[in-house]
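Here are the chains, one letter per residue:
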Amino acid sequence: MTEKEPQDQGPVGYTTGVQDEDAERDFFWENVALGLLGLVPLFIAEQRQKSDVELATLAERAEYTIAHKADAFQFQKPGDKPTGVLSALAAGMAALARQPGGVTALGVHACTRAHEGCPR
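All of the points below concern the structure found in this document. (Residues numbered from 1 in each chain as written. Predicted model: local features only at pLDDT ≥ 70, side-chain atom pairs only at ≥ 80, totals over all residues. Heavy atoms only, no water.)

### Quick notes on the layout of surface pockets
And step 1. Within this model, the largest pocket holds a volume of roughly 190 Å³.
And step 2. Lining the largest pocket, in full, are Asp 52, Leu 55, Ala 59, Gly 92, Ala 95, Leu 96, Arg 98 and Gln 99.
And step 3. Partitioning the lining of the largest pocket into residue classes produces four nonpolar, two polar and two charged. (1 Å grid on protein atoms, 1.4 Å probe; cavity = no way out; pocket = protein on both sides within 12 Å on 5 of 7 lines; lining within 4 Å. Points joined across faces, edges and corners; volume = space filled by probe spheres on them. Nonpolar A, V, L, I, M, F, W, Y, C, P; charged D, E, K, R; others polar.)

What follows is the structure in structure tokens.
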């Protein structure tokens, strides 16, 4: 008996909002989730042809941006410069969406192949 290859979710993968009962939600995080719902599919499409080495480099850049600018992102004041954190989060989630089972974080699920437990 052979297993079928998981069905490809198309050029932008599959991204949806999910309920996270453990997360304390507020206006800020709801807006982050909405931003990710729009950006993650774009990054999935952009990363589709990238190699694992290219994705590792991208992940390192995203990690640096998130680690060093997340506070400024979360507590931004009017007139502050953009931090790039939302884009870094979306790029990282898009890379993780290629893994078996995809990724679920910050109220968003993204995957590039059909899998058991997918909220689709």
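Resuming the write-up.
### Quick look at the packing of helix α2 (residues 52-74) against helix α3 (residues 85-96)
And step 1. Their axes nearest at 8 Å, the elements α2 and α3 cross at an angle of 145 degrees. Considering only the axes of α2 and α3, their crossing is left-handed. Together, Leu 55, Leu 58, Ala 62, Thr 65, Ile 66, Lys 69, Ala 70 and Phe 73 of α2 and Val 85, Leu 86, Ala 88, Leu 89, Ala 91 and Ala 95 of α3 make up the contact between the two elements.
And step 2. Broken down by class, the residue content of the contact of α2 with α3 amounts to twelve nonpolar, one polar and one charged. (Axes fitted to C-alpha atoms, helices over the stretch in contact; angles between N-to-C directions. Helix = DSSP H or I, 4+ residues; strand = E, 2+ residues; numbered from the N terminus. Left-handed = near helix turned anticlockwise from the far one by under 90°. Contact = heavy atoms within 4.5 Å.)

### Things to note about the sheet that holds strand β1 (residues 14-17)
And step 1. Ordered in space as β1-β3-β2, the three strands form an open sheet in which the pairing is antiparallel. Bordering the open sheet on either side are β1 and β2 (103-105), each of which pairs with just one other strand. Taken pair by pair, the neighbouring strands of this sheet meet at an average axis angle of 10 degrees, ignoring direction.
And step 2. In the sheet, β1 pairs with strand β3 (residues 108-111) via four bridges, with the strands oriented antiparallel. Paired with Tyr 14 across the two strands is Cys 111, which belongs to β3.
And step 3. Across the face of the sheet, helix α1 (residues 27-47) comes into contact with β1 and β3 while running at roughly 175 degrees to β1. (Pairing = 2+ DSSP bridges.)

### Some points on the packing of aromatic side chains
And step 1. Enumeration according to the criterion identifies two aromatic pairs in this entry.
And step 2. Each ring, one from Phe 28 and one from Trp 29, has its centre 4.9 Å from the other, and the planes form 85 degrees; the classification is edge-to-face. (Phe/Tyr/Trp six-rings, centres within 6.5 Å; stacked < 30°, edge-to-face > 60°.)

### Examining unusual backbone geometry
And step 1. Residue Leu 106 is not a glycine yet carries a positive backbone phi of 55 degrees.
And step 2. Residue placement: Leu 106 occurs in the loop between β2 and β3.

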